[in-house]
Amino acid sequence: MAATGEDRVIHEVAGLSHVREPVYQGDPITLSPVVRRTRTRTGAACTLISRTAIFTDEANIASAGLAQKPARQVGGNETPLRLRMDVPPQVAPGRVTVYLSLEFDCAGRAVYDATRPVAFMLLRKPG
């Protein structure tokens, strides 16, 4: 089930998420979202199972990173995170966006949610 509206599991604080720059081809990114679990009926009973970074380049081609298990769970308070992730090699240099596709176990039911896209510049490696 995809989480929307009242069924959202994660809340991202608008305007605070960013990618630490500069980012060069072949180097990992550090994504810093500020999130909390929602206090809805759905969100209260959920455990994050996996997260997958989805990168979209200027040609509007989306590429998924590797699915990763969370290092920790997020509670009901706004929490700044620092996530290091590899950029798939096929992502072209230029303006890139990244968001997290999230899979939750909510009382035995799979629920999917996502963060908002965050833009950054992917630069060609010097040399």
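Everything that follows concerns the structure shown earlier in this document.
Here we summarise the structure given alongside this text. Computed from a prediction, not measured in an experiment: that's the story for all the values here.

Per the secondary structure count, the chain includes 1 helix and 12 strands. Sequence-ordered secondary structure for the chain, helices as α and strands as β, is β-β-β-β-β-α-β-β-β-β-β-β-β. Compactness check: the chain gives a C-alpha radius of gyration of 15 Å against a globular reference of 14 Å for 127 residues, within 12% of the reference. For the chain, the proportion of its 127 residues judged to be buried stands at 43%.

What follows deals with the sheet that holds strand S9 (residues 83-85). Taken in spatial order, the 3 strands line up as S2-S4-S9 in an open sheet, and their pairing is antiparallel. The sheet is open, and its two borders are formed by strand S2 (18-19) and S9, each paired with just one other strand. As defined by bridge partners, strand S4 (residues 29-32) adjoins S9 across 3 bridges and the pair is classed as antiparallel. Within the sheet, the bridge partner assigned to Leu31 lies in S9 and is Leu83.

Quick look at the nonpolar core now. Val19, Ile29, Leu31, Phe55, Val98, Phe104 and Phe120 are the most contacted members of the largest nonpolar core, which has 27 residues in total. For this core, the secondary structure elements donating two or more residues are S4, strand S6 (46-56), S9, strand S10 (94-106) and strand S12 (118-123). Residue contacts for Phe104: discarding those within four places in its chain leaves Val9, Ile10, Cys46, Thr47, Leu48, Ile49, Arg109, Ala110, Val111 and Asp113.

Locating Tyr24 in the fold gives a position in strand S3 (residues 23-24). Given the relative accessible area of 27%, Tyr24 is considered partly exposed. In this structure, the C-alpha to C-alpha distance between Tyr24 and Val87, residues 63 residues apart in sequence, is 9.6 Å.

In the structure shown here, the tally under the stated rule is 2 salt bridges. Among the ionic pairs, Arg8 bridges to Asp113, the shortest N-O distance being 2.7 Å. Pair noted here: Arg8 is in the segment before strand S1 (10-12) and Asp113 is in strand S11 (residues 109-114), with a separation of 105 residues, a long-range link. Taking the relative accessible area as the measure of exposure, Arg8 reaches 29% and is therefore partly exposed.

The antiparallel open sheet is built from 3 strands, whose spatial order is S1-S5-S8. Either end of the sheet is taken by a strand with one partner, and the two such strands are S1 and strand S8 (79-80). Pairing of strand S5 (residues 34-37) with S8, which is carried by 2 bridges, proceeds in the antiparallel orientation. What sits directly across from Val35, in S8, is Thr79.

This paragraph deals with the pairing of S6. Among the 11 residues that make up S6, 9 are buried, leaving the element largely enclosed by the rest of the structure. The pairing of S6 with S10 spans 10 bridges and is antiparallel. Bridging across to S10, Ile54 finds its partner in Tyr99. The sheet contact formed by S6 and strand S7 (residues 62-64) spans 3 bridges and is antiparallel. The residue bridging Ile54 from the neighbouring strand is Ala64, located in S7. In this antiparallel pair of consecutive strands, S6 and S7, the connection spans 5 residues, and Asn60 shows a positive phi of 65 degrees.

What counts, and at which threshold
All residue numbers here refer to positions counted from 1 along the written sequence of the relevant chain. Where local features are concerned, this predicted model is filtered to residues with pLDDT of at least 70; where side-chain atom pairs are given and counted, the filter is 80 or more; whole-chain, interface and lining totals use all residues. Excluding hydrogens and water, the side-chain values take into account all heavy atoms of the structure. The secondary structure listing takes helices from DSSP runs of H or I that are at least 4 residues long and strands from runs of E that are at least 2 residues long, numbered from the N terminus. Here the radius of gyration uses the C-alpha set of atoms, whereas the globule reference equals 2.2 Å times the residue count to the power 0.38. Buried, partly exposed and exposed residues are distinguished by accessible area as a fraction of the type maximum, computed with a 1.4 Å probe on protein chains only: under 20%, between the cut-offs, and over 50%, respectively. We call two strands paired when DSSP finds no fewer than two bridges between them. Think of a nonpolar core as a cluster: buried Ala, Val, Leu, Ile, Met, Phe, Trp, Tyr and Cys residues, connected wherever their side-chain atoms sit within 4.5 Å. Residue contacts are counted whenever heavy atoms from the two residues lie within 4.5 Å of one another. Put simply, a salt bridge is a Lys or Arg side-chain nitrogen that is within 4 Å of an Asp or Glu carboxyl oxygen.

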